[in-house]
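# Structural overview for review
Listed here are the chains, written in short residue letters.
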Amino acid sequence: QVQLVESGGGLVQAGASLRLSCAPSDSSNYVTGWFRQAPGKAREFVATISKNGAITQYSHSVKGRFTVSRDNVKGTVYLQMTSLKPEDTAVYYCASRPGRRETVLFFSEYDYGYWGQGTQVTVSS
């Protein structure tokens, strides 16, 4: 059973930065994704990173502003968020699943079996 623990959310002004952390219990064997859900909206894909950290992909809305990375020694995946906008306000979730290949990625929430509890990010204008 993978226990995901997220941290780093908060209330910031537009233009600020935040770094979210997600601690899988065995991150080197799992592909990790970040998703977010704003009030009244469906959960949406934000970013994903391969098991070895070499491959990443982002949604169009965050590309160039967010960076996903991982430290497999510490067993932690990060989402560095810069130039935050009010439309980034949401509950952010990390999710993970096993991956056979080192460079495989998954983009759908239905591909992931393990989820964190979510952390609130609020960006004021």
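Residues numbered from 1 in each chain as written. Predicted model: local features only at pLDDT ≥ 70, side-chain atom pairs only at ≥ 80, totals over all residues. Heavy atoms only, no water.

## Regarding the packing of aromatic side chains
Here the structure, examined in full by the defined rule, presents eight aromatic pairs. Here the aromatic rings of Tyr 93 and Trp 115 are separated by 6.4 Å at their centres, their planes lie at 75°, and the arrangement is edge-to-face. Separated by 22 residues along the polypeptide, Tyr 93 in strand β9 (residues 90–98) and Trp 115 in strand β10 (residues 114–115) bring together distant segments of the chain. Centre to centre, the rings of Tyr 112 and Trp 115 are 6.4 Å apart; their planes meet at 70°, and the pair counts as edge-to-face. Accessibility expressed as a relative area gives 5% for Tyr 112, which makes it buried. (Phe/Tyr/Trp six-rings, centres within 6.5 Å; stacked < 30°, edge-to-face > 60°. Helix = DSSP H or I, 4+ residues; strand = E, 2+ residues; numbered from the N terminus. Buried < 20%, exposed > 50% of the residue type's maximum accessible area, 1.4 Å probe, protein only.)

## Notes on the pattern of salt bridges
Within this structure, the stated rule accounts for five salt bridges. For the salt bridge of Arg 36 with Glu 44, the shortest nitrogen-to-oxygen distance reads 2.6 Å. On the basis of relative accessible area, Arg 36 is assigned to the buried category, the value being 5%. The class for Glu 44 is partly exposed, based on a relative accessible area of 34%. Ionic pairing is found between Asp 88 and Arg 36, a salt bridge with its closest N-O pair at 2.9 Å. Taken together, the positions of Asp 88 in the loop between β8 (76–81) and β9 and Arg 36 in strand β4 (residues 30–37) put the pair 52 residues apart, joining distant regions of the chain. Taken as a pair, Asp 88 and Arg 36 share a single burial class, namely buried. A network of salt bridges, in which partner residues are shared, links Arg 36, Glu 44, Arg 65 and Asp 88. (Salt bridge = Lys/Arg side-chain N within 4 Å of Asp/Glu carboxyl O.)

## Thoughts on the pairing of β4
Of all the eight residues making up β4, seven are buried; the element is thus mostly covered by neighbouring parts of the structure. Here β4 pairs with β9 via eight bridges, running antiparallel. Paired with Arg 36 across the strands is Tyr 92, a residue of β9. Pairing analysis gives five bridges linking β4 to strand β5 (residues 44–49), with the strands arranged antiparallel. If you follow Phe 35 over to β5, its bridge partner there is Phe 45. Counted along the chain from β4 to the antiparallel partner β5, the turn is six residues long, and its residue Gly 40 has a positive phi close to 75°. (Pairing = 2+ DSSP bridges.)

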